[in-house]
Amino acid sequence: NAGVTQTPKFQVLKTGQSMTLQCAQDMNHNSMYWYRQDPGMGLRLIYYSASEGTTDKGEVPNGYNVSRLNKREFSLRLESAAPSQTSVYFCASSESGLVYNEQFFGPGTRLTVL
Amino acid sequence: DQQVKQNSPSLSVQEGRISILNCDYTNSMFDYFLWYKKYPAEGPTFLISISSIKDKNEDGRFTVFLNKSAKHLSLHIVPSQPGDSAVYFCAASGRTSYGKLTFGQGTILTVHP
């Protein structure tokens, strides 16, 4: 039982390159989330998926797209990376979107855009 | 506009003493509050939560207090242990926010042996 897994762990991109961050969970959770963490800013929600087949914008969605591939997988795509997207990205999942359902986080992807 | 604020970037305490981490919020629609703990190179893990219908919730060494009139919550750790050294994030959500959490900036807690 791996929980929430993220790949890759580290990535360096040049400005304008694209990449997809992968996330998978094995807890049969319905809801999944992508956050970014920047120094002094805490975690900010980029996109979330309340259930398979649905996605919605969070607080900072600009420059990102997401795909809820199936119940297990939720990917985050940067189409044209910018230095402002240098951050640590966390994926999370929860049984449902109800507030009292604990969110379980993956170990994060550290992305640097040069 | 930071709706959840943790004004102390860091806190240092001695092993065995009490650690008190503070959090303030501005959005009156928030009615559920959580604390997450994060070790380096790991994702945050859930620690304890409190609903706005309560003013206190305890779980072992961890107690969260909520003062709704002041829009303030605090996390008490008693007694503090070196293994508690981590970054602590306060988070808040509204009943209609469907799992969307708003996080504070985090407080780095260091517990010295």
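Quick look at the structure, then. Keep in mind it's a predicted model, so treat the numbers as computed, not measured.

Further remarks concern the overall build of chain B. Assigned secondary structure in chain B consists of zero helices and 11 strands. Each helix and strand of chain B, ordered N terminal to C terminal, gives the series β-β-β-β-β-β-β-β-β-β-β. The globule rule puts the C-alpha radius of gyration for 113 residues at 13 Å, and the 13 Å found for chain B is close to it. Counting across all 113 residues of chain B, residues that qualify as buried make up 45%. A fraction of 55% describes how many contacts in chain B between residues 6 or more apart in sequence connect residues 24 or more apart. One way to put it: in chain B the 11 positive side-chain charges average out to a point 4 Å from where the 9 negative ones average out.

Turning to the overall build of chain A, a few remarks are in order. Scanning chain A for helices and strands turns up zero helices and 11 strands. Start at the N end of chain A and walk to the C end: the helices and strands fall as β-β-β-β-β-β-β-β-β-β-β. Taking 2.2 N^0.38 as the reference for a compact globule, 114 residues should give roughly 13 Å; the C-alpha atoms of chain A span a radius of gyration of 13 Å, in line with that estimate. Judged by the C-alpha coordinates and their principal axes, chain A covers about 35 × 25 × 25 Å.

Further remarks concern the state of the cysteines. Residue and element names in this part refer to chain B. Taken as a whole and judged by the stated rule, the model has two disulfides over all chains. Linked covalently through their sulfurs, cysteine 23 and cysteine 90 form a disulfide whose S-S length is 2.0 Å. Judged by the sign of its S-S torsion, about -70°, the cystine formed by cysteine 23 and cysteine 90 is left-handed. Taken together, the residues span a long stretch of sequence, with cysteine 23 in strand β3 (residues 19–25) and cysteine 90 in strand β9 (residues 86–94) at a distance of 67 residues. Judged on exposure class, the residue cysteine 23 and its partner cysteine 90 are both buried.

Bringing empty space enclosed by the protein into the picture now. According to the stated counting rule, one finds one cavity of 30 Å³ or more in the structure shown. In this model, the largest cavity occupies a volume close to 30 Å³. Residue lining of the largest cavity: Tyr33, Ser94, Ser96, Leu98, Val99, Asn101 and Gln103 of chain A together with Leu34, Tyr36, Gly99 and Leu101 of chain B, and that is the complete set. Classifying every residue of the lining of the largest cavity gives six nonpolar, five polar and no charged.

Bringing the interface of chain A and chain B into the picture now. It is common to report an interface's size as the accessible area lost on association of the parts. In this assembly, 20 residues from chain A lie in contact with 20 residues from chain B. Note on chain A versus chain B: buried area summed over both sides is about 1,700 Å², and carbon and sulfur give 63% of it. On the chain A side of the contact with chain B, Leu43, Val99 and Phe105 of chain A bury the most area, a combined 31% of that side's loss. Where chain A meets chain B, there are zero salt bridges. Linking chain A with chain B are one residue pair in polar contact (both at pLDDT 80 or more). For the side of chain A that touches chain B, the secondary-structure elements that each account for two or more residues are β4 (31–38) and β5 (42–49) of chain A. Here the residues of the side of chain A that touches chain B sort into 12 nonpolar, seven polar and one charged.

One simple way to see leftover space: roll a probe sized like a water molecule over the atoms. By volume, the largest pocket amounts to about 540 Å³. Lining the largest pocket are 28 residues, and of these Gln37, Val88, Phe90 and Arg110 of chain A together with Lys38 of chain B lie nearest its centre. Where the lining of the largest pocket is concerned, the elements lending two or more residues are β4, β9 (87–94) and β11 (109–113) of chain A together with β9 and β11 (107–112) of chain B. With three residues, β9 of chain A is the single largest residue contributor to the lining of the largest pocket. Residues that form the lining of the largest pocket fall into these classes: 13 nonpolar, 10 polar and five charged.

Mapped onto the elements of the fold, serine 93 of chain B is located in strand β9. Relative accessible area serves as the criterion here: at 0%, serine 93 of chain B is assigned to the buried category. Within polar-contact distance, the side chain of serine 93 of chain B engages the backbone oxygen of lysine 100 of chain B at 3.3 Å. If we skip the residues at most four places from it in the chain, serine 93 of chain B touches Val99 of chain A together with Phe30, Asp31, Tyr32, Gly99, Lys100 and Leu101 of chain B.

Quick look at the environment of glutamine 81 of chain B now. Residues and elements named next belong to chain B. Inspection of the secondary structure puts glutamine 81 in the loop between β8 (72–77) and β9. Here glutamine 81 falls in the partly exposed class, since its relative accessible area comes to 36%. For the pair glutamine 81 and serine 12, spaced 69 residues apart in sequence, the C-alpha to C-alpha distance is 12 Å. Residues contacting glutamine 81, with those up to four places away along its chain left out, are Glu15, Arg61 and Val111.

Criteria and cut-off values
- Residues numbered from 1 in each chain as written.
- Chains lettered and ligands numbered in written order.
- Predicted model: local features only at pLDDT ≥ 70, side-chain atom pairs only at ≥ 80, totals over all residues.
- Heavy atoms only, no water.
- Helix = DSSP H or I, 4+ residues; strand = E, 2+ residues; numbered from the N terminus.
- Rg over C-alpha atoms; globule rule 2.2 N^0.38 Å.
- Buried < 20%, exposed > 50% of the residue type's maximum accessible area, 1.4 Å probe, protein only.
- Contact = heavy atoms within 4.5 Å.
- Lys, Arg positive; Asp, Glu negative; His and termini not counted.
- Charge placed at Lys NZ, Arg CZ, Asp CG, Glu CD.
- Disulfide = S-S within 2.5 Å.
- 1 Å grid on protein atoms, 1.4 Å probe; cavity = no way out; pocket = protein on both sides within 12 Å on 5 of 7 lines; lining within 4 Å.
- Points joined across faces, edges and corners; volume = space filled by probe spheres on them.
- Nonpolar A, V, L, I, M, F, W, Y, C, P; charged D, E, K, R; others polar.
- Buried area = accessible area lost by both parts, 1.4 Å probe.
- Salt bridge = Lys/Arg side-chain N within 4 Å of Asp/Glu carboxyl O.
- Polar contact = N/O pair within 3.5 Å; in protein donor to acceptor, adjacent residues only side chain to side chain.

Structural measurements only, silent on function.
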